[in-house]
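# Structural overview
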Amino acid sequence: MYRKPFTERVDRISLPRGFRPPDFSLFSGKHAQSFMEHIAYFIIQYGEVGSEDDYKLKLFGNSVTFITFYWYIKLPNNSIDTWTEMEETFYKQFYKEEPEVTEEDLSRITQFLRESIESFLTRFKEARLRCNFEILEGEVVALAMKGMLVQFRKKFDDLDFQDFYHLTIRFVRYEREVAVAEILSKKYYICKYIIKLEPPKQPATGLSKSVKFYAYDVSKIEKIFDCLLAYKIIKLPLGHIIPPPKEIQKKTYCKYHNSWSHFTNNCVAFRNKIQARIEREDFIVLEPAMGVDFDPFPPEMGAHMDSINIGHMPSDR
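These notes cover the structure that comes with them. Everything quoted here is computed from the prediction, not taken from an experiment. (Residues numbered from 1 in each chain as written. Predicted model: local features only at pLDDT ≥ 70, side-chain atom pairs only at ≥ 80, totals over all residues. Heavy atoms only, no water.)

Looking only at helices and strands, the chain features 13 helices and five strands. Considering only contacts in the chain between residues 6 or more positions apart, those separated by 24 or more positions represent 64%. In the form shown here, the chain has an accessible surface area of approximately 19,900 Å², with 52% of it arising from carbon and sulfur atoms. (Helix = DSSP H or I, 4+ residues; strand = E, 2+ residues; numbered from the N terminus. Contact = heavy atoms within 4.5 Å. Areas by Shrake-Rupley, 256 points an atom, 1.4 Å probe, with all protein chains shown as cover.)

This part takes up unusual backbone geometry. You will see that K232, though not glycine, has its phi angle at about 60 degrees, which is positive. Overall, K232 belongs to the exposed group, its relative accessible area being 67%. Unlike most non-glycine residues, K250 shows phi in positive territory, near 65 degrees. Within the element layout of this structure, K250 appears in the loop between α12 (245–248) and α13 (268–279). K250 sits in the exposed class, given a relative accessible area of 80%. (Buried < 20%, exposed > 50% of the residue type's maximum accessible area, 1.4 Å probe, protein only.)

Judged by how many residues are buried, strand β2 (residues 189–195) sits mostly within the fold: six of seven residues are covered. As defined by bridge partners, β2 adjoins strand β4 (residues 283–286) across three bridges and the pair is classed as parallel. Across the sheet, residue Y189 finds its bridge partner in β4, namely F283. (Pairing = 2+ DSSP bridges.)

Next up on the list: the environment of A127. Along the chain, A127 falls in helix α7 (residues 117–129). Given a relative accessible area of 9%, A127 falls into the buried group. The sequence separation of A127 and I109 amounts to 18 residues, and the corresponding C-alpha distance is 8.8 Å. A127 has contacts with V101, L106 and I109, leaving out every residue within four places of it along the chain.

On to helix α5 (residues 83–94). For α5, built from twelve residues, the straight-helix expectation of 16 Å at 1.5 Å per residue is met to within 8% by its first-to-last C-alpha distance of 16 Å. Three or more residues of α5 are buried, namely W83, M86, F90 and F94. Each buried residue of α5 lies within a common arc of 55 degrees when the element is viewed along its axis, so the set occupies one face. (Expected span 1.5 Å × (residues − 1). Arc of directions from axis to C-beta.)

Let's shift gears to the packing of helix α11 (residues 221–230) against α13. Axis separation between α11 and α13 bottoms out at 11 Å; the angle between their running directions is 65 degrees. With respect to α13, the element α11 is oriented roughly perpendicular. When you trace α11 past α13, the crossing you get is left-handed. Along the contact surface, α11 presents I221, I224, F225 and L228, while α13 presents F270, R271 and I274. In the contact of α11 with α13, the residues fall into six nonpolar, no polar and one charged. (Axes fitted to C-alpha atoms, helices over the stretch in contact; angles between N-to-C directions. Parallel < 35°, antiparallel > 145°, perpendicular 65-115°, else oblique. Left-handed = near helix turned anticlockwise from the far one by under 90°. Nonpolar A, V, L, I, M, F, W, Y, C, P; charged D, E, K, R; others polar.)

As structure tokens, this is what we get:
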């Protein structure tokens, strides 16, 4: 039978009228979040209620889960009467000493082969925040540059960044706007997934007139990317290595940008690139009922068409 670990005095305390516990991440004891971080989140997210010790003690059980919640309900009944006692008990059970990060540790942080610049710089920044010593901003910039993949580092080797913030802004902007897959020129190219989409006869209610209309079915944009890549119509820049299908399945990843910030199917930039190529007549838009088992454009029309071997195409997701 479940029994509350706090005393009857605390149990009799009424919470403020109309108070509703907020939703926030729970402490499980399994992840990297420290007990001190959890206590801080708990107090801040409970607002004014979090400033009253007795309220905090009464509500603390709502902020833990999994093995931490099991530990909480196993505490002896009537064993804790103050918030300080709760903190000390929690501390003894879940305190993990955070290893101090040295300058040598920072110098060993390197960008993984398939890691984006943004992800690498975020890891570097988090490690820097755990340093218990002062380090000059110029040294931070130099260490971050040293840890990057060489193809990115060479792009800005001749620039002096005044601080880590400006370095991050410049590199992330470059990665998002420049270091993307390149679509090569190929007149009258046919891909079975570039299928015509009829414009709506009447604009949907409430839609802005500025909403972009695409001449093709954008729901197949990832398949279009895979098709163009398979037949070398898309060229990946140096360092742009697409992870295996199992690694990116059901994860937020864009093949065009090599970024973990959005899905390929939601990539507006790639959608617009395909639309622009259609308008230039680089790509032929197929009618919905048309397949690629026959050639709708004879050789005399100058159209180029590749037969597609489904066995070599990436699996549908």
